Protein chains: 2
Amino acid sequence: MKFKAFIGKLFSITLVTVSLSSFASEPIQPIERPADIDQSKAALGMKLFFDPRLSKSGFLSCNSCHNLSMGGSDNLKTSIGHNWQQGPINSPTVLNAGLSLAQFWDGRAATLKEQAGGPIANPVEMASSHKLVADVLKTIPQYRAEFQQVFGSPGIDIDRITDAIAEFEKTLVTPNSRFDRWLLGDTKAITARELAGYELFKSSGCTACHSGPAVGANSYHKLGLVRPYKTENAARGRIAVTGNKADEFVFKVPTLRNIELTYPYFHDGEVATLREAVALMGQLQLGRDFTADEVDKITAFLKTLTGDQPTFPLPLLPPSTEQTPQPEPFG
Amino acid sequence: MKFKAFIGKLFSITLVTVSLSSFASEPIQPIERPADIDQSKAALGMKLFFDPRLSKSGFLSCNSCHNLSMGGSDNLKTSIGHNWQQGPINSPTVLNAGLSLAQFWDGRAATLKEQAGGPIANPVEMASSHKLVADVLKTIPQYRAEFQQVFGSPGIDIDRITDAIAEFEKTLVTPNSRFDRWLLGDTKAITARELAGYELFKSSGCTACHSGPAVGANSYHKLGLVRPYKTENAARGRIAVTGNKADEFVFKVPTLRNIELTYPYFHDGEVATLREAVALMGQLQLGRDFTADEVDKITAFLKTLTGDQPTFPLPLLPPSTEQTPQPEPFG
Ligand code: HEC
Ligand code: HEC
Ligand code: HEC
Ligand code: HEC
Ligand SMILES: [Ca+2]
Ligand SMILES: [Ca+2]
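Because the structure is predicted, anything quoted here is derived from the model rather than measured.

Novice: So what's going on with the interface of chain B and chain A? Which residues, and what values?
Specialist: Counting from both sides, the interface comprises 50 residues of chain B and, opposite them, 50 residues of chain A. Buried area between chain B and chain A, both sides added, is near 4,000 Å², and the carbon and sulfur share of it is 69%. Between the two partners, chain B and chain A, sit two salt bridges. The partner of R275 of chain B in a salt bridge is E322 of chain A, and the shortest N-O contact between them spans 2.7 Å. At the junction of chain B and chain A, the tally comes to twelve residue pairs in polar contact (both at pLDDT 80 or more). Listing elements by their share of the side of chain B that touches chain A, those giving two or more residues are α1 (2–11) and α3 (62–65) of chain B. At three residues, the largest contribution of residues to the side of chain B that touches chain A is made by α1 of chain B. Here the residues of the side of chain B that touches chain A sort into 25 nonpolar, 18 polar and seven charged.

Shown next as structure tokens:
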């Protein structure tokens, strides 16, 4: 099948002979494609990720808020959910989310699989329920057959649904950014100015928090470490998970991969431009007022972190049947 | 470029030697791929079709209501627009829309290009304006370059935007349905029962209205010709265009291509299943009460009209810039 062949290609690993010495001493490592993908499970998960029947309205899919045409987020301050309800927080990208130490801004879900159950049943997001979604999918013969083929026995439930979605999300890595090519030894992959931005990013201390293959996503830190951040947003960060007062305003450090695509910035989405985000980080986290030129240089470096976006044929979804519960978009 | 090559393949015409005699006498003709597509214009139009920045909220794209993963419609009774406003009428498929004698249920737009300007500025759909959309796209360098390359001179305006979208829509044909293969001489492409359904479809008079390559979409007819159709929906059909009392409840006869995918049915979306739609058509348009077996047979035939769905890589959209006007999802 054409689609299978394409998926095969999508998940194939380009083997590059790398002299480790070129980046072993750097705080950022190149992104690698995940090696152990169950391809048929991921193909099913892709369909589910795009299927608006996972929502009560029949209108919102995971891709509505994590649009893979636009860097895996919605580019809104806070998201739009069922009945156009305003979400509480900025939608993070699903790109490279598999590299995160945990999911959500406050890290309240340990894994992608655990995370995926959240939005389906969240009344301000997809507003469905785990049972209803399984009941919907069960009425569709092509889904029944595909779940059976992927999991080796008949049956559709939230466990299998979120397992497949998570497997698809694991494939959403963005290797081969210009910066990664530079790390791998291609000295011409970034400009002198971008390199100067990287040096400043390191020397001023950004890499204390934004490091590793995801350039972040591997620790929790307080927003406003040096100077407080003013926001009307009600989110208080990891205190919601730990109950620990010291965790107030502590958030998962976001990945800076593809940061050019995932505007607006910060958990409240109130920071419109990347230059503003960089300047603010200097002030809030490091107590440092960068000059306009310094901000520009770091921003130029950050734009070299945009990698190859996942590319695949728009999935075709199997039609509902006479037995499928009707969507309820209104009321 | 990989994408270009794919598009090339997408639009390439499969030449089949056809003995015309096999379908010359039938009221339905096979669908053919359009021959004269401007491929780079269509590729730009595809991006625009998927770009939610064509809406005021930054959240709704053409594909939100004409989802190409689901047969080019939204599978809702009436659509969801800006601010979750309930639309007045069922969203028709964009698949094969280029074959229609005119656009919209009442035919009020003559061409796809004229049509595409409507939803962008419609306050219950995308709620933007022709000027704002052009202003947004102008701030994005990749769009500026692509419009210049496609149209041969710099400039982005609603005329070029709708021209490109219409060119993309022209490519959304669905050839190679099982019924088309039967028309082209492959006698095993449909079952005896499906063929019996087709014979009944012809003999009972459905083809008086549903004929041609689109199996409809080439004439206007009254809904409720023999018995009146009861609906709470306010739409009155072509009278809105002509002002002619005789045009009350006269609608464009919809295409029956891919009808299995474009539930629910009728302009008010109140008919949930295809079997119900077939039974109602018999009563309303022909004064005939089909038996359950007759309804089943015709329904089985109609399901042979599902053709190859357009398949292409999910388009990647160029990011906004600091100059781009912000979306206004709320208020
Ligand atoms: C209505 C908008 C909306 C929908 C629909 C939605 N999400 Fe989210 N998603 C969000 C928001 C907002 C957050 C951040 C919530 C938080 O951190 O408290 C989020 C967080 C996430 C995260 C965590 C990323 C990170 O870095 O922490 C993942 C993964 C994710 N969503 C995947 C999905 C999947 C899979 C679906 C569909 C089953 C989905 N989302 C549906 C808005 C949405
Ligand atoms: C002490 C830890 C820490 C340091 C140091 C730090 N950051 Fe951050 N960074 C964070 C946290 C936490 C957030 C999330 C803020 C929030 O919750 O909105 C963040 C957010 C960001 C964002 C926005 C990401 C998004 O998707 O919204 C950018 C850009 C960024 N940092 C760049 C930098 C730069 C550049 C530096 C150095 C000048 C830096 N950071 C230093 C912890 C840190
Ligand atoms: C909010 C939902 C929504 C959005 C967004 C939307 N449409 Fe539509 N579309 C509809 C509805 C509803 C109709 C039927 C309106 C009528 O006939 O009066 C329609 C009709 C059409 C038709 C006519 C089809 C036919 O057979 O008559 C075409 C073509 C079309 N839309 C293309 C587009 C394009 C292109 C865009 C984006 C620029 C778009 N639509 C955005 C809901 C939407
Ligand atoms: C006199 C003209 C006429 C005849 C005869 C006719 N139709 Fe229709 N058909 C229409 C019109 C007009 C509509 C659109 C109804 C509306 O506005 O909701 C329609 C709608 C439909 C639909 C729903 C399409 C959709 O996308 O919602 C189906 C299915 C259908 N017809 C099948 C049939 C069948 C089967 C027969 C024969 C039993 C038939 N039609 C006979 C004019 C006709
Ligand atoms: Ca963001
Ligand atoms: Ca319909």
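Novice: Requested: an account of the relation of the copies chain B and chain A, with residues and values cited.
Specialist: Least-squares fitting of chain B to chain A yields an RMSD of 0.0 Å, with the superposition described by an axial translation of 0.0 Å and a rotation of 180°. Expressed as an axis order, the relation between the two copies is that of a two-fold axis. Identified as the residue of chain B closest to the rotation axis by C-alpha distance is P313 of chain B, at 1.9 Å. Take the interface residues of chain B: 100% of them recur as interface residues in chain A, which is what a same-surface contact looks like.

Novice: Can you break down the site of ligand 2 residue by residue, with the values?
Specialist: All names here are of chain A. For ligand 2, the set of nearby residues contains 25 residues, the closest of which are C206, C209, H210, H267 and M281. Taking H267, its main chain carries an N or O atom lying 2.6 Å from an oxygen atom of ligand 2. Element by element, the count of residues in the shell around ligand 2 is highest for helix α12 (residues 274–286), at six residues. Of the residues that constitute the shell around ligand 2, the class distribution is 19 nonpolar, six polar and no charged.

Novice: Just give me the short version of the coordination of the iron atom of ligand 2, but keep the residues and values in it.
Specialist: All names here are of chain A. Summarising the metal site, the iron atom of ligand 2 is bound by the protein donors H210 (NE2) and M281 (SD), whose distances to it range over 2.2 to 2.3 Å. Of the residues examined, H210 reaches a relative accessible area of 9% and is grouped as buried. You can call M281 partly exposed: its relative accessible area is 25%.

Novice: Which residues make up the site of ligand 4, and what values go with them?
Specialist: All names here are of chain B. Residues in close proximity to ligand 4 total 25 residues, the closest being C206, C209, H210, H267 and M281. Backbone polar atom of F266 to an oxygen atom of ligand 4: 2.8 Å apart, as the coordinates give it. H267 places a polar main-chain atom, nitrogen or oxygen, 2.6 Å from an oxygen atom of ligand 4. By residue class, the composition of the shell around ligand 4 is 19 nonpolar, six polar and no charged.

Novice: Could you give an account of the side chain of Q285 of chain B, with specific residues and numbers?
Specialist: All names here are of chain B. Structurally, Q285 can be placed in helix α11 (residues 274–286). The class for Q285 is buried, based on a relative accessible area of 15%. Separated by 2.7 Å, the side chain of Q285 and the backbone nitrogen of G224 make a polar contact. Here L225 takes part through its backbone nitrogen, which lies 3.2 Å from a polar atom of the side chain of Q285. Ignoring sequence-local partners within four residues, the contact set of Q285 consists of K222, L223, G224, L225, V226 and L280.

Novice: Outline helix α6 (residues 130–138) of chain A, supporting the account with residue identities and numerical values.
Specialist: Turning to α6 of chain A, its buried residues are V133, A134, V136 and L137 of chain A. What you see down the axis of α6 of chain A is that its buried residues fit within an arc of 160°, all on one side.

Novice: Now, about the coordination of the calcium ion (ligand 6): what can you tell me, with residues and values included?
Specialist: Residue and element names in this part refer to chain B. Coordination of the calcium ion (ligand 6) by the protein is provided by N90 (OD1), T262 (O) and P264 (O), with metal-donor distances spanning 2.4 to 2.5 Å. Within one chain, the residues serving as donors to the calcium ion (ligand 6) are arranged as N-x171-T-x1-P. With a gap of 174 residues between them, N90 in the loop between α3 and α4 (112–121) and P264 in the loop between β2 (250–252) and α11 connect regions that are remote in the sequence. In this structure N90 comes out as buried when scored by relative accessible area, which is 5%.

Novice: I'd like a description of the environment of L302 of chain A, backed by residues and values.
Specialist: Residues and elements named next belong to chain A. Counting through the fold element by element, L302 comes out in helix α13 (residues 292–302). Along the backbone, L302 and A116 are 186 residues apart, and their C-alpha atoms lie at a distance of 29 Å. Non-local contacts of L302, meaning those with residues more than four positions away in its chain, are made with F201, L256, I259, L274 and V278.

Novice: Can you explain helix α6 (residues 141–151) of chain B? Please cite residues and give values.
Specialist: Residues and elements named next belong to chain B. By the burial criterion, the buried members of α6 are Y143, E146, F147 and V150. Seen from one end, α6 has its buried residues packed into an arc of 100°, which puts them on one side. Those residues of α6 that are buried lie in contact with α2 (39–50), α5 (130–138) and α7 (158–170). Looking one or two residues past α6, G152 carries a phi angle of roughly 80°, positive in sign.

Novice: Explain the nonpolar core to me, using residue names and the numbers behind them.
Specialist: By size, the foremost hydrophobic cluster in this structure holds 60 residues, and its most contacted members are L48 and L68 of chain A together with L48 and L68 of chain B. Leaving out residues up to four positions away in the same chain, L48 of chain A has contacts with L54, C62, L137, Y143, F147, I161, A164 and I165 of chain A. C206, A277, L284 and F290 of chain B belong to the second-largest nonpolar core, a separate cluster that totals 35 residues.

Novice: Give a description of the pattern of salt bridges that names residues and reports values.
Specialist: Across all of its chains, the model carries 42 salt bridges over all chains by this definition. Of the charged contacts, one joins K41 of chain B and D163 of chain B as a salt bridge, the two residues approaching to 3.0 Å between their closest N and O atoms. Separated by 122 residues along the polypeptide, K41 of chain B in helix α2 and D163 of chain B in helix α7 bring together distant segments of the chain. We note a salt bridge from D135 of chain B to K138 of chain B, for which the minimum N-O separation is 3.8 Å. Pair noted here: D135 of chain B and K138 of chain B are both in helix α5, with a separation of three residues, about one helical turn. Judged by relative accessible area, which is 24%, D135 of chain B ranks as partly exposed. According to the relative accessible area criterion, K138 of chain B is partly exposed, its value standing at 39%. Overlapping salt bridges bring together E26, E199 and K202 of chain A as one network.

About the criteria used
- Residues numbered from 1 in each chain as written.
- Chains lettered and ligands numbered in written order.
- Predicted model: local features only at pLDDT ≥ 70, side-chain atom pairs only at ≥ 80, totals over all residues.
- Heavy atoms only, no water.
- Contact = heavy atoms within 4.5 Å.
- Buried area = accessible area lost by both parts, 1.4 Å probe.
- Salt bridge = Lys/Arg side-chain N within 4 Å of Asp/Glu carboxyl O.
- Polar contact = N/O pair within 3.5 Å; in protein donor to acceptor, adjacent residues only side chain to side chain.
- Helix = DSSP H or I, 4+ residues; strand = E, 2+ residues; numbered from the N terminus.
- Nonpolar A, V, L, I, M, F, W, Y, C, P; charged D, E, K, R; others polar.
- Least-squares fit on C-alpha atoms with pLDDT ≥ 70 in both.
- Near = heavy atom within 4 Å.
- Donors = N, O, S within 2.8 Å, 3.2 Å for Na, K, Ca; no water.
- Buried < 20%, exposed > 50% of the residue type's maximum accessible area, 1.4 Å probe, protein only.
- Arc of directions from axis to C-beta.
- Core = buried A, V, L, I, M, F, W, Y, C linked by side-chain atoms within 4.5 Å.

Remember, this is a structural readout, not a statement about activity or role.
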